[in-house]
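Spelled out, the chains give:
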Amino acid sequence: MAIYPLISADAINSDKQIKLELEDVPGLYIDAREINQLILNMVRNGMESMEAGGVLTIRTINAENQVILAIEDQGHGIAADIMDKIGTPFFTTKELGTGLGLAICYSIAARNNAAIKVKTNKQGSIFSVVFNTSNAGDDTCKLDALKGIQPSGQVHCVS
């Protein structure tokens, strides 16, 4: 799935910007289609939280025994009283939302040996998907690098 052109078009249509800061990361055993869906859901949520002119930054970070995919928005942050409900199926703060987007993301992360961590304040939020590099699935494909959102828009997956 060519994901970068899709999120780039979303950003342009809403007068927002996407900034990529992608480090080289070790190969991971993950399901590329599921991770693309997770990225798409999180990026769209982040863009919806921002005003026109906002910048959404997508980072990959190679940390000790972990690969981190971080999506940082310049929205208004998440209220403290709803933080514990984030990711709960059917919970939404959107007028027309279903409450399934983040719930699906949490499920995808769990199936791909990852956890989602959230940091938020009044200047925005960072959703980090933390992959443990010592955990590898057997029935998925190996990605050379977690670059499903690179400017070429290609996910490189090899058997």
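Up top is the structure these notes are about.
First, a word on what this report is: a plain description of the structure on this page. Since the model is a prediction, treat every value here as computed from it, not as a measurement.

A full pass over the atoms with the stated rule returns five salt bridges. Salt-bridge contacts for R44 lead to D10; the nearest nitrogen and oxygen are separated by 2.7 Å. Of the two residues, R44 sits in helix α2 (residues 32-48) while D10 sits in helix α1 (residues 3-13), which places them 34 residues apart along the sequence. What makes R44 partly exposed here is its relative accessible area of 32%. The salt bridge partner of R111 is E34, with a shortest N-O separation of 2.7 Å. Pair noted here: R111 is in helix α3 (residues 101-111) and E34 is in helix α2, with a separation of 77 residues, a long-range link. Among the residues examined, E34 registers a relative accessible area of 19% and is labelled buried. Within this structure, K19, E21, R59 and E72 form a network of salt bridges that share partners.

Either a parallel or an antiparallel arrangement is found when strands of a sheet pair, and the pairing is made through backbone hydrogen bonds. An order of β1-β3-β4-β6-β5 is seen for the five strands of this open sheet, with the pairing classed as mixed. At either margin of the open sheet sits one strand with a lone partner, and together these are β1 (17-22) and β5 (114-121). Going from strand to strand, the sheet's axes swing by 15° on average, the running direction of each strand aside. Of the pairings in the sheet, the one linking strand β3 (residues 55-63) to strand β4 (residues 66-72) comprises seven bridges and is antiparallel in character. Across the sheet, residue N62 finds its bridge partner in β4, namely V67. Of the strands in this sheet, β1 and β3 are in contact with α1, which crosses β1 at around 145°. Helix-sheet contacts for α2 involve β1, β3, β4, β5 and β6 (124-132), and the interaxial angle to β4 is about 35°.

Parameters and conventions
- Residue numbers run consecutively from 1 along every chain, following the written order of its sequence.
- Owing to the predicted nature of the model, reporting of local features is limited to residues with pLDDT of at least 70; listing and counting of side-chain atom pairs is limited to 80 or more, with chain, interface and lining totals taken over all residues.
- Hydrogen atoms and water are omitted, and side-chain values are computed over all heavy atoms in the structure.
- Just to be clear on terms, a salt bridge is a Lys or Arg side-chain nitrogen sitting within 4 Å of an Asp or Glu carboxyl oxygen.
- Numbering of helices and strands runs from the N terminus, with a helix taken as a DSSP run of H or I at least four residues long and a strand as a DSSP run of E at least two residues long.
- Remark: exposure states derive from per-residue accessible area (1.4 Å probe, protein chains only) relative to the maximum for the residue type, with buried under 20%, exposed over 50%, and partly exposed in between.
- DSSP-based pairing: two strands are paired if at least 2 bridges between them are found.
- Note on geometry: axes are lines fitted to C-alpha atoms, helical ones only across the stretch in contact, with angles between N-to-C directions running from 0 to 180 degrees.
- The contact rule is simple, with two residues in contact once any of their heavy atoms fall within 4.5 Å.

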